[in-house]
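Structural overview for review
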Amino acid sequence: MSVGYGWKWLEEEDEEDRPDKPRRYGVTEMRGPNYTLFSHDLLQDTFESMGQFVDGLKFTGGSNSLMSKSYIKEVTNMAHKHNVYVSTGDWAEHQLRRGPSAFREYIEECRQLGFDTVELNFGSLDVPEETFLRFVRLIKSSGLKAKPQFSVKVNKSDIPTSGDRAYGAYVVPAPRTSELVEDVDFLIRRAERCLEAGADMIMIDADDVCKHPDDIRADIIAKVIGRLGLEKTMFEASSSKTSEWFIRRYGPRVNLFVDHAQVMDLECLRGRNWGKNQMSVHGSPLSLF
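Description of the structure in this document. (Residues numbered from 1 in each chain as written. Predicted model: local features only at pLDDT ≥ 70, side-chain atom pairs only at ≥ 80, totals over all residues. Heavy atoms only, no water.)

1. Topic: the overall build of the protein chain
The following threshold applies: Labels follow the DSSP assignment, with helices taken as runs of H or I lasting at least four residues and strands as runs of E lasting at least two, numbered in each case from the N terminus. Exposure classes here rest on a 1.4 Å probe applied to the protein chains alone. A residue is buried below 20% of its type maximum, exposed above 50%, and partly exposed in between. Two residues form a contact once any of their heavy atoms are found within 4.5 Å. Each accessible area is a Shrake-Rupley result for a 1.4 Å probe, and residues are judged covered by the shown protein chains and nothing else.
Of regular secondary structure, the protein chain possesses 11 helices and 12 strands. Scored against the burial criterion, the 289 residues of the protein chain give a buried share of 50%. Here the analysis covers contacts within the protein chain between residues at least 6 apart in sequence; of these, 71% occur between residues at least 24 apart. Entry remark: accessible area of the protein chain is about 14100 Å², with carbon and sulfur atoms responsible for 48%.

In structure tokens form, the structure reads like this:
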């Protein structure tokens, strides 16, 4: 027997409240230290008050490079006590400048510091696709999770102009250009290859897709989710309006990356769409719809 919801058909065994952590879907990843450094007390208060709603903590903008290793280890230990995974964010490209072995050393350091997930931005790394896939496999072989990040706009010279575009097909190198073009099919094909190589989640860059709530590219998002699935994709919700759009369109199972100030509102949105009473979360019923 199946139960029909507005956003998806779920099997009867899935007709339940949001599952406990660790979750395969409905993941909320929280932005950690970036423009302002999170204090120990603020992180502790956040985890104690909202830890049950937070699945992951991401160090964004290379903020971990500004912190002592002892503080990073303290943060990762604190997160793990609340069953929260910790992600590196986008920083790997800066390590490659140190030499050929730098990436392997970077992964080992991440593991020792207590990171669980390494995020790789394809655009920032600017390496051949096969090299990128080797990085994904290296992360997995080190016992960590890999989360590649892709943008819908790619360098025009990366897109084959003719011939076979199948997985692994040899493409004659083209002269590099600075022109960026939109190609969601190319994004999806690259993402699919990463998933085949062992990647755990695909992060979609918010730029040109869902950065601004009044300019969300519903067509691109629908195509990405349709091909890769809700469980394997994550989107950045830059505001509560963006979160509301995603929950309205795809239900509580969508994986979102949000600022720490949005966690409570996002959980209320998820609960509202499960039909749960959120009095215990927000203190009063939501009237968002």
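The discussion continues.
2. Comments concerning helix 7 (residues 184-196)
The line we're drawing: Helices are assigned an expected span. That span is 1.5 Å times one less than the residue count. Whenever two N or O atoms come within 3.5 Å, that pair is a polar contact, provided that in protein one can donate a hydrogen and the other can accept it, and provided that, for residues adjacent in sequence, both atoms are side-chain atoms.
With 13 residues, helix 7 should cover 18 Å at 1.5 Å per step; its first-to-last C-alpha distance of 18 Å lies within 8% of that length. Among the residues of helix 7, Val184, Phe186, Leu187, Ile188, Arg190, Ala191, Glu192, Arg193 and Cys194 are the ones counted as buried. Capping of helix 7 at its N-terminal end is provided by Asp183; its side-chain oxygen lies 3.3 Å from the backbone amide nitrogen of Asp185. Residue Gly198 follows helix 7 closely and has a positive phi angle near 115°.

3. With respect to the packing of aromatic side chains
Short version of the rule: Two aromatic rings from Phe, Tyr or Trp, using only the six-membered ring of Trp, form a pair when their centres are within 6.5 Å; if the ring planes differ by under 30 degrees the pair is stacked, by over 60 it is edge-to-face, and anything between is tilted.
According to the stated counting rule, one finds 9 aromatic pairs in the structure shown. Relative to Phe150, the ring of Phe132 lies with its centre 6.0 Å away and its plane at 55°, an arrangement referred to as tilted. One end of the pair, Phe132, is in helix 6 (residues 129-141); the other, Phe150, is in strand 7 (residues 145-150), and 18 residues separate them in sequence. Using a relative accessible area of 3% as the deciding quantity, one classes Phe150 as buried.

4. Some details on the environment of Arg272
Along the chain, Arg272 falls in helix 10 (residues 263-274). The exposure class of Arg272 is partly exposed, given its relative accessible area of 38%. As for Arg272 and Pro252, which are separated by 20 residues in sequence, their C-alpha atoms are 8.7 Å apart.

5. Structural notes on the pattern of salt bridges
For the record, the criterion: The working definition used for a salt bridge is a side-chain nitrogen of Lys or Arg within 4 Å of a carboxyl oxygen of Asp or Glu.
The full count for this structure, using the stated rule, is 22 salt bridges. Among the ionic pairs, Arg248 bridges to Glu244, the shortest N-O distance being 3.2 Å. On the criterion of helical spacing, the pair formed by Arg248 and Glu244 is a turn pair, its members being 4 residues apart in helix 9 (residues 240-250). The network of salt bridges with shared partners includes Glu29, Lys58, Glu119 and Lys147.

6. Focus on the nonpolar core
Worth spelling out the cut-off: In plain words, nonpolar cores are sets of buried Ala, Val, Leu, Ile, Met, Phe, Trp, Tyr and Cys residues tied together by side-chain atoms within 4.5 Å.
Core analysis: the largest hydrophobic core is formed by 70 residues, its most contacted members being Phe103, Leu120, Phe132, Ile221, Val224, Phe235 and Phe246. Top element by residues in this core is helix 6. It accounts for 6 residues. Beyond its immediate stretch of four places on either side in the chain, Ile221 contacts Val209, Cys210, Ile216, Phe235, Trp245, Phe246 and Tyr250. Ranked by size, the runner-up nonpolar core spans 5 residues in total, among them Met201, Met203, Met234 and Phe257.

7. Quick word on the sheet that holds strand 12 (residues 255-259)
Let me state the cut-off plainly: Here, a strand pair is defined by DSSP locating no fewer than two bridges between the strands. Fitted lines through C-alpha atoms serve as axes, helices being fitted only where they are in contact, and the angles separating the N-to-C directions of these axes extend from 0 to 180 degrees.
Within the closed barrel, the 8 strands sit side by side as 3-4-5-6-7-10-11-12. Their pairing is parallel. Across this sheet, the average inter-strand angle for adjacent strands is 25°, counted without regard to direction. Those strands touched by helix 4 (residues 102-113) are strand 5 (85-90) and strand 6 (117-121), and its axis lies near 145° from that of strand 6. Sheet contacts for helix 6: strand 6 and strand 7; angle to strand 7, the most-contacted strand, approximately 155°.

8. Describing the side chain of Lys21
Within the secondary structure, Lys21 sits in the loop between strand 2 (9-11) and strand 3 (28-31). From its side chain, Lys21 meets the backbone oxygen of Gly51 in a polar contact 2.7 Å long. A distance of 2.9 Å separates a polar side-chain atom of Lys21 from the backbone oxygen of Val54. If near-sequence neighbours (up to four positions away) are discounted, Lys21 is found in contact with Gly51, Gln52, Val54, Asp55, His82, Asn83 and Val84.

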